[in-house]
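Residue-level structure breakdown
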Amino acid sequence: WYELIPLFSYLFLVGRCFTCKKTISLQYPLVELSSALIFLLIFLNYGISWESLILAVIFSLLIVISAYDILHSEIPDILSYLLIFFGLLWTFYFLTINRNLDLAGFLPYIYAVLIGGGFFAFLVLVSRQKWMGAGDILLGAFMGIFLGMPQVLTALFLAFTIGAVFSLFLIAFRKKTIKDALPFGPFLAIATVIAFFWGKQLLAGYWYMLM
């Protein structure tokens, strides 16, 4: 049991199995650390509540999708459909408690879905899946359902910015070349988390700098 404590066991074992000395993949401590940080963020913002439960499921699915995309360069549709379902659940819950279940309340999310899913669908069709994978379409649609307008625009901008910086870092250290493909799901997941918790502040700061 003491070899299975999240994060701590990896540190105590110095990244190697105690019995066979085989290297333990960095995937495990990274998933454990990201899960801990996200659950902490949820708790600090929503405490112990139904909102926290829904968000914990959504962000856990994003972590699983990110890890799967890194390992296999694809996003399973079943995980994306689950994300969309819980994204809809969150949006209906949010609109219900704010008594905004009318066309005006839904429009920002409808626009966001068209932008999020439509943008990636366009890239996939134009490039014949050379620029983006088909799985990114469903993930983009989820981002629209979950974030709405204008946060989905913030998330898309962040995803491409973070992805570009990370790619340049890999190229600079000769880990990748400019022709190599890079899974985009993790960048979309990171951008979704940032936009959800700090999207309004980022937009306010951006408009403040323009004024």
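Report on the accompanying structure. All figures in this text were calculated on a predicted structure; none of them were measured in a lab. (Residues numbered from 1 in each chain as written. Predicted model: local features only at pLDDT ≥ 70, side-chain atom pairs only at ≥ 80, totals over all residues. Heavy atoms only, no water.)

We now examine the side chain of Ser80. Here Ser80 lies in helix α4 (residues 77-97). The buried category is assigned to Ser80, whose relative accessible area is 1%. Beyond its immediate sequence surroundings of up to four residues, Ser80 is in contact with Ile65, Ile75, Gly135 and Leu138. (Helix = DSSP H or I, 4+ residues; strand = E, 2+ residues; numbered from the N terminus. Buried < 20%, exposed > 50% of the residue type's maximum accessible area, 1.4 Å probe, protein only. Contact = heavy atoms within 4.5 Å.)

So, on to the packing of aromatic side chains. The tally for this structure, following the rule as stated, stands at 22 aromatic pairs. Ring centres of Trp1 and Tyr2 lie 5.7 Å apart, and the angle between their planes is 85°; this geometry places the pair in the edge-to-face category. Assigned by exposure class, Trp1 and Tyr2 land together as exposed. Aromatic rings pair up to connect Tyr46, Phe59, Trp90, Phe142, Phe146, Phe196, Phe197 and Trp198 into one cluster. (Phe/Tyr/Trp six-rings, centres within 6.5 Å; stacked < 30°, edge-to-face > 60°.)

Looking now at helix α8 (residues 185-210). Helix length check: α8, at 26 residues, gives a terminal C-alpha distance of 31 Å against a target of 38 Å (1.5 Å per residue), a shortfall beyond 12%. The largest bend in α8 is about 80°, located at Trp198. (Expected span 1.5 Å × (residues − 1). Bend = angle between axes of the 7 residues up to and from the residue.)

Here we come to the nonpolar core. In this structure, Ile58, Phe59, Leu83, Phe142, Met143, Phe146 and Phe196 are the most contacted members of the largest nonpolar core, which totals 43 residues. Within the residue set of this core, elements represented by two or more residues are α2 (27-46), α3 (50-72), α4, α5 (103-127), α6 (135-147), α7 (151-172) and α8. Those residues in contact with Phe142 that lie beyond four places of it in its chain are Ile58, Leu62, Leu83, Ile84, Gly87 and Thr192. (Core = buried A, V, L, I, M, F, W, Y, C linked by side-chain atoms within 4.5 Å.)

Direction vectors running N to C along α5 and α6 enclose 165°, while the axes themselves pass 7 Å from each other. As far as their axial angle goes, α6 and α5 are roughly antiparallel. For the crossing formed where α5 meets α6, the hand is right-handed. Of the residues in α6, those in contact with Tyr109, Ala112, Val113, Gly116, Gly117, Phe120, Ala121 and Val124 of α5 are Asp136, Ile137, Gly140, Ala141, Gly144, Ile145, Phe146 and Leu147. (Axes fitted to C-alpha atoms, helices over the stretch in contact; angles between N-to-C directions. Parallel < 35°, antiparallel > 145°, perpendicular 65-115°, else oblique. Left-handed = near helix turned anticlockwise from the far one by under 90°.)

A surface patch of nonpolar side chains, about 810 Å² in accessible area, is lined by Trp1, Tyr2, Ile5, Phe8, Leu11 and Phe12. Inspection of the secondary structure assignment puts Trp1 in the segment before α1 (8-12). (Patch = residues over 30% accessible without salt bridge, like charges linked within 9 Å, V, L, I, M, F, W, Y side chains within 5 Å. Areas by Shrake-Rupley, 256 points an atom, 1.4 Å probe, with all protein chains shown as cover. Salt bridge = Lys/Arg side-chain N within 4 Å of Asp/Glu carboxyl O.)

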